[in-house]
Amino acid sequence: MQQRAIHPSQERPPFWRDERVLSVISQIVVVGIVVGLLAFFYTNMVSSLREQLGVPIDYGFLKQTAGFDIGESLISYSRSDTYARAFLVGLLNTLQVAVLGIVFATILGIIIGVMRLSTNFLVNRIATAYIEFLRNVPLLVLLIFWAQAVFFKLPRIKEAIILPGPIYLSNRGIAIPWGIPTETWPTYTRILLGGLVLAIIVTIVLRERGKRTGRMPILSLWFLVTLIAVGIIGWFVLPQPPLVLDRPELVGFNTKGGRTLSQQFMALLSGLVIYTAAFIAEVVRAGIQSVSKGQREAATALGLTPFQVLRLVIFPQALRVIIPPLTSQYLNLTKNSSLAIAIGYPDLFAVAGNTILNQTGRAVEVFSLVMGIYLFFSLTTSLFMNIYNRRIRLVER
Amino acid sequence: MKMSPKVYTIGMLLSMVLGIIIAACAAPAPTPVASEEAAAPAAQEQAKSTLDIVKERGKIICVGNANLPGFGFLDEEGNFSGFDVDYCKAMAAAIFGDASKFEIRPATAKERFTVLQSGEADVLIRNTTWTMSRDTDLGMNFAPTTFYDGQGIMVRKDSGIKTLQDLNGASICVQTGTTTELNLADQMAAAGIEYEPVVFETADEVTTAYEEGRCDAWTTDKSGLVSRQTVLKDPSAHEIMDVTLSKEPLGPAVRHGDDQWFDLVKWVTFSTFLAEEHGITSENIDSFMDSTDPNIRKLLGLEGEFCAKIGLENDCFANVIRQVGNYAEIYNRNLGPDTVFNLPRGLNSLYTDGGLLYSPPIR
């Protein structure tokens with residue numbers, strides 16, 4: 001009582017009017033409701049699966065025989081393999097299209113993005129038309145267009161277009177010559193590994209010398225030159241070439257030998273690349289334009305050539321703006337590859353979310369796995385892009 | 001107002017515990033702790049049979065096919081017609097005495113079981129093959145087979161393919177989520193034939209790919225091949241190979257857990273077989289009303305109370321025959337000689353004609 005009289009300002013209000021207590025309580029309630037709802041749906045799902053249908057959640061089916069065939073696979077697979085292996089086949093097919101898609105979309109995107117900034121009227125307009133058209137067409141429409149209006153309309157296999165190589169171009173896909181490893185291949189991979197180590201050493205030495213002399217050579221160029229030189233020398237030193245060329249030829253219904261890039265794969269890859277490149281082009285354009293004009297003028301005033309201006313001044317600064325949105329384009333491309341199901345390419349979603357789901361009927365298990373795998377891909381991609389982003393960002397002093 | 005991290009963590013933990021408690025109370029878990037009042041209505045909800053739900057709703061919902069002419073097809077006017085659709089109508093006629101009180105919920109091959117399991121529909125009548133894993137793993141109960149089918153392969157006439165061996169190295173289009181995908185793999189493995197499967201999600205995509213020459217052959221149930229052949233650009237350029245890859249008994253299915261409903265679907269299906277056996281059709285049914293044959297009297301509800309055993313009015317089977325017809329009528333209307341399909345009855349004849357249709361007696 002006495003204290004109250006002395007310090008009226010420090011009097012604590014009852015807890016239902018105390019802002020601090022209320023904010024804690026309200027947060028507890030919100031989190032409680034959210035967690036409660038999630039837990040409710042989860043227990044509801046589990047109990048209804050178990051009690052009404054008698055099929056509790058169980059991942060044991062992965063060890064069972066799959067029993068179906070998959071059209072294309074990077075690893076050996078037959079109908080007598082397990083569901084887990086079928087999962088892996090789909091996963092690798094997704095990875096294949098995602099990795100190639102990211103590489104090609106980046107290259108095409110940078111070209112278009114730079115074209116968009118060109119002062120040449122025609123070049124500039126072509127890039128603008130490309131971007132505006134493709135960004136505003138749904139990807140699914142584009143994919144089906146590629147599959148049905150472009151690749152299906154190529155000649156049938158019997159009348160395939162044969163390019164020198166030979167490369168067979170038909171509506172089954174594109175068959176190209178491909179190297180087959182021989183006995184010396186394992187030795188050759190070791191030589192290549194040695195070349196990689198050598199290339200790294202050369203790069204480090206050159207960088208140190210560059211720092212001393214102040215004339216920094218183009219390191220990535222030297223890295224590649226060393227690696228390729230070792231590769232070429234190794235090829236000829238070995239008693240037998242590590243790879244022999246396997247040429248495709250028409251046998252019966254299909255081409256045999258070489259490597260066949262199926263119509264579905266080509267349609268998916270071209271659709272994804274062309275679509276994503278339009279977005280990447282805009283990201284690149286925005287990045288380059290974000291570098292202030294003064295930088296370019298200053299660099300030119302210092303006597304740098306236009307290529308040096310781009311390589312040493314503009315691009316390093318543009319990259320800081322480009323990398324974060326570029327990462328999300330990469331993630332989009334990977335996730336969009338699940339539209340493969342519409343054109344018959346056996347990617348992760350088509351194999352697992354469709355065929356495996358149908359044969360086993362285990363929706364919850366299959367989808368939790370599929371979602372987990374896509375999440376893993378996306379988080380891994382972000383991780384590497386974030387590491388790269390941290391390396392190139394402005395060092396504040 | 002910033003909370004210290006400690007208070008925050010404790011708060012989060014507390015609220016999670018709270019949430020889990022709420023969920024535990026709310027979840028329909030069969031905990032004996034739950035109070036009597038709370039448990040009683042829940043139990044009643046559980047006990048509500050499929051038939052009650054259908055009656056309350058005023059119509060039956062069947063999972064069906066929307067693009068398989070002859071079996072389930074959505075025409076230009078938005079009406080469903082076909083063999084499977086007629087069986088859905090038969091269920092409606094038996095339950096409501098009105099064959100128009102039905103709704104088709106179209107579903108793709110892969111959705112169909114989920115739609116039925118989730119209770120979105122009451123019965124699955126969508127050219128669905130009865131297999132052991134579907135019967136057990138998927139929690140289905142299969143009513144009698146209404147159509148005995150087998151998997152076939154369609155090829156171009158000019159391809160010269162006659163036997164399975166001729167298909168070595170070929171590309172074969174197939175629809176995903178079907179037993180055909182598995183049968184194809186099994187048969188080809190057994191015969192030691194290498195092939196490239198090209199898998200699509202819908203039958204339309206499969207036929208497009210085949211017509212464009214992406215595949216040398218495509219495979220599905222023979223009835224499906226006949227049906228889809230009619231919508232190809234040049235039907236006469238294609239032929240169905242004289243090989244059968246599998247047994248495909250197609251019939252209605254219901255979900256586990258409601259035996260009365262299973263019995264209803266089963267016996268409505270049998271009643272169409274029985275009607276054909278006794279020669280009762282939708283046109284001549286009235287002339288049987290004074291029949292003295294006890295078998296016919298029982299089928300038509302003139303003797304005994306058999307329909308009551310499946311929860312229906314006594315004239316349930318009579319309504320099916322009057323409004324939808326017997327098996328032969330349903331077959332001929334959708335697949336018979338007067339249709340573009342002109343499918344021979346084959347195995348789908350009565351046992352008295354050398355077929356497999358055989359109904360247990362109503363007794």
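Everything here concerns the structure above.
Rules behind the numbers
- Residues numbered from 1 in each chain as written.
- Chains lettered and ligands numbered in written order.
- Predicted model: local features only at pLDDT ≥ 70, side-chain atom pairs only at ≥ 80, totals over all residues.
- Heavy atoms only, no water.
- Axes fitted to C-alpha atoms, helices over the stretch in contact; angles between N-to-C directions.
- Helix = DSSP H or I, 4+ residues; strand = E, 2+ residues; numbered from the N terminus.
- Parallel < 35°, antiparallel > 145°, perpendicular 65-115°, else oblique.
- Left-handed = near helix turned anticlockwise from the far one by under 90°.
- Contact = heavy atoms within 4.5 Å.
- Nonpolar A, V, L, I, M, F, W, Y, C, P; charged D, E, K, R; others polar.
- Phe/Tyr/Trp six-rings, centres within 6.5 Å; stacked < 30°, edge-to-face > 60°.
- Buried < 20%, exposed > 50% of the residue type's maximum accessible area, 1.4 Å probe, protein only.
- Pairing = 2+ DSSP bridges.
- Core = buried A, V, L, I, M, F, W, Y, C linked by side-chain atoms within 4.5 Å.
- Buried area = accessible area lost by both parts, 1.4 Å probe.
- Polar contact = N/O pair within 3.5 Å; in protein donor to acceptor, adjacent residues only side chain to side chain.

Chemist: I keep staring at the packing of helix H10 (residues 259–277) of chain B against helix H12 (residues 316–323) of chain B and nothing clicks. Help me out?
Modeler: Residues and elements named next belong to chain B. Where H10 contacts H12, the two axes come as close as 10 Å, and the packing angle between them is 60°. It follows from the interaxial angle that H10 and H12 lie oblique. Both H10 and H12 take part in a crossing whose hand is right-handed. Only Phe 317, Val 320 and Ile 321 of H12 make contact with H10, whose side of the interface consists of Trp 267, Val 268, Ser 271, Thr 272 and Ala 275. Grouping the constituent residues of the contact of H10 with H12 by class yields six nonpolar, two polar and no charged.

Chemist: I tried to follow the packing of aromatic side chains on my own but got confused; where do I start?
Modeler: The geometry of an aromatic ring pair is captured by two quantities: the separation of the ring centres and the angle between the planes. Residues and elements named next belong to chain B. Counted by the stated rule, this structure contains 24 aromatic pairs over all chains. Aromatic side chains Phe 273 and Tyr 327 sit 5.5 Å apart centroid to centroid with 80° between the ring planes, which places their arrangement in the edge-to-face category. Note that Phe 273 is positioned in helix H10 and Tyr 327 in helix H13 (residues 327–334), a separation of 54 residues in sequence. No difference in accessibility class separates Phe 273 from Tyr 327, as the two residues are buried. Through a chain of ring-to-ring contacts, three or more aromatic side chains come together here, namely Phe 71, Phe 83, Tyr 87, Phe 147, Trp 267, Phe 270, Phe 273, Tyr 327 and Tyr 331.

Chemist: Sorry, what's going on with the sheet that holds strand E2 (residues 67–68) of chain B here?
Modeler: Strand pairing in a sheet relies on backbone hydrogen bonds, with the paired strands running either antiparallel or parallel. Residue and element names in this part refer to chain B. Taken in spatial order, the three strands line up as E2-E3-E4 in an open sheet, and their pairing is antiparallel. In this open sheet, the two edge strands, each paired with only one partner strand, are E2 and strand E4 (80–81). Where strand E3 (residues 72–74) meets E4, two bridges bridge the pair, whose relative direction is antiparallel. Counted as the bridge partner of Phe 73 is Ser 81 from E4.

Chemist: What is the right way to look at the nonpolar core in this model?
Modeler: For soluble globular proteins, nonpolar side chains are generally found buried alongside one another. Ranked by size, the top nonpolar core spans 60 residues in total, and within it Ile 60, Phe 83, Phe 147, Trp 261, Ile 280 and Leu 312 of chain B carry the most contacts. Only helix H3 (50–57), strand E1 (60–64), helix H4 (83–96), H10, helix H11 (294–299), H12 and H13 of chain B provide two or more residues apiece to this core. The element best represented in this core is H4 of chain B, accounting for ten residues. If we ignore the near neighbours within four places in the chain, the residues touching Phe 83 of chain B are Gly 70, Phe 71, Thr 146, Phe 147, Tyr 327, Ile 330, Tyr 331, Asn 334 and Leu 335 of chain B. One finds Ala 127, Trp 146, Ile 280 and Val 284 of chain A within the second-largest nonpolar core, a separate group that totals 51 residues.

Chemist: Is there a simple way to think about the interface of chain B and chain A in this case?
Modeler: It is common to report an interface's size as the accessible area lost on association of the parts. On the chain A side, the residues contacting the 54 residues of chain B number 47 residues. Between chain B and chain A the total buried area reaches about 4200 Å² when both faces are included, carbon and sulfur atoms providing 56% of it. Taken together, the links from chain B to chain A amount to 15 residue pairs in polar contact (both at pLDDT 80 or more). Counting only elements with at least two residues in the side of chain B that touches chain A, the list comes to helix H1 (5–26), helix H7 (179–191), strand E10 (196–200) and helix H8 (203–211) of chain B. Take the side of chain B that touches chain A: its biggest share by element is ten residues, from H1 of chain B. When its residues are assigned to classes, the side of chain B that touches chain A shows 27 nonpolar, 14 polar and 13 charged.

Nothing here speaks to function; it is all geometry.
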